[in-house]
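Chain and residue survey
So you can see what is in the structure, the chains are spelled out below.
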Amino acid sequence: MTNAELRSLAFAVLAAFIAILLLSGCETATHALPPYEPPLAKTDFQNVRTTAYTHTEADHTQYGPHNALGGELHAAGPAIHRAENLRQASVMSDSDDVRIQLVSNSGPELQPFSMDEPRTTKHVTTTTTTRVTKTTTRSAKRAIAVAKPPKIGSAAADWSRWPMGTTFRLLSTGQIYRVEDYGWALSGRNTVDLYMANQRDMNSWGARQEPIQILRWGDPQQSLQFLQSHQDYKHIKRMVLELQGRDQEAAALQ
């Protein structure tokens with residue numbers, strides 16, 4: 001094969017590669033957003049659709065184990081023992097008001113929740129006993145175990161429904177999550193995606209309808225300021241529109 005033929009072949013391969021890239025870009029640009037869902041009422045207790053993801057998925061490998069804010073993704077700690085008293089969390093609807101009824105087992109009630117619980121401490125108790133001819137001093141150390149603050153996991157959601165920084169508790173497990181990420185499939189949806197450390201945990205969770213308790217709402221204005229510089233992407237544009245109160249335009253965006 002002559003040099004001219006080799007050059008022609010190389011140009012043909014390069015042209016084919018560029019064409020594939022252009023077609024891929026067009027496909028991404030025309031990829032439709034997920035169907036729009038009206039937002040849930042902003043209440044302290046909500047019943048939401050939950051899914052799970054991990055950083056090794058194909059659509060997340062380019063970002064690695066990092067969230068949209070640039071920080072590291074974290075898996076939540078194990079299920080909290082106190083939540084084992086929670087037998088069921090059923091959702092009851094009265095017209096537009098949604099209330100969650102918690103039904104516990106016959107055991108003790110759930111302990112009050114605090115995100116600022118102190119670490120394990122020790123108390124020293126000294127007892128002195130005096131007799132007629134003999135003095136006895138006894139010292140006993142008693143360690144009181146106090147639960148450490150729970151490890152907060154990362155979650156992805158539509159920031160117009162759950163602004164970044166929103167912290168919530170899964171009532172079925174007691175685990176705590178904070179919204180730090182977002183995604184194409186979550187835009188305009190009442191779905192929260194829970195970060196898992198590995199593929200096994202992600203598959204084990206699957207998709208579940210879960211009652212959650214909002215512990216702290218994030219700031220919508222901070223979310224809006226962050227997203228406005230990235231709204232060339234349609235899923236971000238939809239969140240921006242909803243944060244601006246332009247729900248009809250957000251719903252119409254596809």
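Scroll up for the structure.
So, a few notes on the structure that sits alongside this text. (Residues numbered from 1 in each chain as written. Predicted model: local features only at pLDDT ≥ 70, side-chain atom pairs only at ≥ 80, totals over all residues. Heavy atoms only, no water.)

1. Brief notes about helix H4 (residues 234–243)
Put simply, the rule reads: Only protein chains enter the accessibility calculation, which uses a 1.4 Å probe; a residue whose area is less than 20% of its type maximum is buried, one above 50% is exposed, and one in between is partly exposed. Per the convention used, a helix needs a DSSP run of H or I reaching at least four residues, while a strand needs a run of E reaching at least two, with both numbered from the N terminus. The contact criterion used is simple: two residues touch if any of their non-hydrogen atoms lie within 4.5 Å.
Where burial is concerned, most of H4 is hidden: eight out of the ten residues are buried. Looking only at H4, the buried set comprises His235, Ile236, Arg238, Met239, Val240, Leu241, Glu242 and Leu243. Lining the buried residues of H4 we find helix H3 (220–228) and helix H5 (247–252). Directly beyond the C-terminal end of H4, a positive phi value near 80° is found at Gly245.

2. Considering the packing of H3 against H4
As a reminder, the rule being used: Only the stretch in contact is used when a helix axis is fitted, and all axes are lines through C-alpha atoms; the angle between N-to-C directions ranges over 0 to 180 degrees. Helix crossings get a hand from a simple test, with the near helix turned counterclockwise from the far one by less than a right angle marking a left-handed crossing and a clockwise turn marking a right-handed one. Gly is placed with the polar residues, together with every amino acid not listed as nonpolar (Ala, Val, Leu, Ile, Met, Phe, Trp, Tyr, Cys and Pro) or charged (Asp, Glu, Lys and Arg).
For the pair H3 and H4, interaxial distance at closest approach is 10 Å and the crossing angle is 145°. In the crossing of H3 with H4, the sense of the turn from one axis to the other is left-handed. Note on element contacts: H4 touches H3 through Ile236, Met239, Val240 and Leu243, opposite Pro220, Ser223, Leu224, Leu227 and Gln228. Considering only residue class, the contact of H3 with H4 consists of seven nonpolar, two polar and no charged.

3. A short note on the pattern of salt bridges
Going by this rule: Throughout this description, the term salt bridge denotes a Lys or Arg side-chain nitrogen within 4 Å of a carboxyl oxygen of Asp or Glu.
Taken as a whole and judged by the stated rule, the model has seven salt bridges. Linked by salt bridges that have partners in common, Glu37, Arg49 and Arg189 make up one network.

4. As for the environment of Lys42
Note on placement: Lys42 falls in the loop between helix H1 (3–29) and strand S1 (45–53). Judged by its relative accessible area of 53%, Lys42 falls in the exposed class. Sequence separation between Lys42 and Arg161 is 119 residues; the distance between their C-alpha atoms is 8.0 Å. Those residues in contact with Lys42 that lie beyond four places of it in its chain are Trp217 and Pro220.

5. Quick look at the sheet that holds strand S10 (residues 208–216)
By way of backbone hydrogen bonds, the strands of a sheet pair with one another, either parallel or antiparallel. How we decide: At least two DSSP bridges between two strands are needed for those strands to be called paired.
Reading around the barrel, the six strands line up as S1-S9-S6-S8-S7-S10 and close back on themselves, with mixed pairing between neighbours. This sheet shows a mean twist of 50° between the axes of neighbouring strands, independent of strand direction. Sheet topology places strand S6 (residues 153–156) next to strand S9 (residues 191–195); two bridges connect them, and they run antiparallel. Across the sheet, residue Ala155 finds its bridge partner in S9, namely Leu194.

Geometric values such as these leave the question of function open.
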